[in-house]
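# Overview (structure and organization)
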Amino acid sequence: MASNYFTISPTTGNGNTIVDVTPKSTNTGTTDRLTTVTLSNGAASVTVSLRQRYKPYFEQFGSTTFPASGGSILFTVHTEYPVAFRSIPDWITVTAGGTTYREGQQIPASTADGTTFTLTAPANPSTSSRSFGATFNMGHYVNNVLQSSVQYFTGSQAGSSGEITASPSSLVFDWNDTNAQTLNVTSNGNWTSQLNDN
């Protein structure tokens, strides 16, 4: 029976022979490809197992949009290789289990595989939305060499609505008053003040 995943050459031989076993294609699926090859000489046989690992990947859960007020997005990594998060936007923090991961930090497969990581963004101080993706990615290492094939994150954060409120809406001071009164300011981002005499 032929394999969908591997080829073997030569398929027959006499005496000591070097046999090449080659994957037919890259494995971009989400599971390992498994095959066995049985070699026999009529009197005895031996079976060799073949495994082609899957390419590391992550799954994002729920929304890929942070609210303007800030929030979190969860994703789970699946890997048999060390991974690293690359081109992390300066406004996003990557954490898991109380550990914050830095840009390009190599994370062992034993730590990363099956782990749910959290992307956290603070409130967006701008009224403009901001996005991540196109550069923010997860890469992986094979034999300690960073591979060029990566998976990109996708998502964005809404801009603040630009709303600002002050309470109370009016303050009245007596003619001889030089004491402070409290004004409660609520804003979706940074705010400034300017006094204007009438």
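This text follows the structure it describes.
Residues numbered from 1 in each chain as written. Predicted model: local features only at pLDDT ≥ 70, side-chain atom pairs only at ≥ 80, totals over all residues. Heavy atoms only, no water.

### A short note on the overall build of the chain
Convention followed: Labels follow the DSSP assignment, with helices taken as runs of H or I lasting at least four residues and strands as runs of E lasting at least two, numbered in each case from the N terminus. For the radius of gyration, the atom set is restricted to C-alpha positions; the globular benchmark scales as 2.2 Å times the number of residues to the power 0.38. Residue contacts are counted whenever heavy atoms from the two residues lie within 4.5 Å of one another. Note on areas: Shrake-Rupley with a 1.4 Å probe; residue coverage comes only from the protein chains shown. Under the convention used here, Asp and Glu are negative, Lys and Arg are positive, and both His and the chain ends fall outside the count. Lys charges are placed at NZ, Arg charges at CZ, Asp charges at CG and Glu charges at CD.
The number of helices and strands found in the chain is one helix and 18 strands. Computed over its C-alpha atoms, the radius of gyration of the chain comes to 29 Å, more than 25% above the 16 Å expected for a compact globule of 198 residues. For the chain, long-range pairs separated by at least 24 residues make up 56% of all intrachain contacts whose partners lie at least 6 apart in sequence. Taken as a whole, the chain presents about 13,100 Å² of accessible surface, with 48% of it coming from carbon and sulfur. Considering the chain, the positive charge centre built from 8 side chains and the negative charge centre built from 11 side chains are found 23 Å apart.

### Considerations on the side chain of Asn-124
The criterion, for reference: Within 3.5 Å is the distance limit for a polar contact, defined as a pair of N or O atoms, with the added protein rule that one can donate a hydrogen and the other accept it, and that residues adjacent in sequence qualify only through two side-chain atoms.
Checked against the element boundaries, Asn-124 lands in the loop between β11 (116–121) and β12 (130–132). Here the side chain of Asn-124 touches Ala-158 through a polar contact of 3.2 Å, landing on its backbone oxygen.

### What about the environment of Trp-91?
Position of Trp-91 relative to the elements: it lies in the loop between β8 (83–86) and β9 (93–96). For the pair Trp-91 and Phe-132, spaced 41 residues apart in sequence, the C-alpha to C-alpha distance is 9.8 Å. Beyond its immediate sequence surroundings of up to four residues, Trp-91 is in contact with Phe-66, Thr-120, Ala-121, Pro-122, Arg-130, Ser-131, Phe-132 and Gln-157.

### Looking at the sheet that holds strand β6 (residues 65–66)
Quick reminder of the rule: Strand pairing follows a simple DSSP-based rule, namely that at least 2 bridges must link the two strands.
Spatial ordering of the open sheet is given by β6-β16-β12, a layout of three strands whose pairing is mixed. Only two strands of the sheet have a single neighbouring strand rather than two, namely β6 and β12.

### Focus on unusual backbone geometry
What is expected of a backbone is that most residues other than glycine have negative phi and most peptide bonds are trans. The condition that has to hold: Each residue is assigned to one of three classes by its accessible area relative to the maximum for its type, calculated with a 1.4 Å probe on protein chains only: buried under 20%, partly exposed between the two thresholds, exposed over 50%.
A cis amide bond, omega -5°, links Ser-9 with the succeeding residue Pro-10. Structurally, the position occupied by Pro-10 is in the loop between β1 (6–9) and β2 (20–23). Each neighbour pair has its own omega, and for Ser-167 with Pro-168 the value is 0°, a cis peptide bond. Checked against the element boundaries, Pro-168 lands in the loop between β17 (164–167) and β18 (184–187). Positive phi values are uncommon outside glycine, yet Ser-87 reaches one of about 55°. Relative to the elements of secondary structure, Ser-87 occurs in the loop between β8 and β9. Using a relative accessible area of 35% as the deciding quantity, one classes Ser-87 as partly exposed. With a phi close to 50°, Asn-143 is a non-glycine residue in the positive phi region. Summarising the element assignment, Asn-143 is placed in the loop between β13 (137–142) and β14 (145–146). Judged by its relative accessible area of 74%, Asn-143 is exposed.

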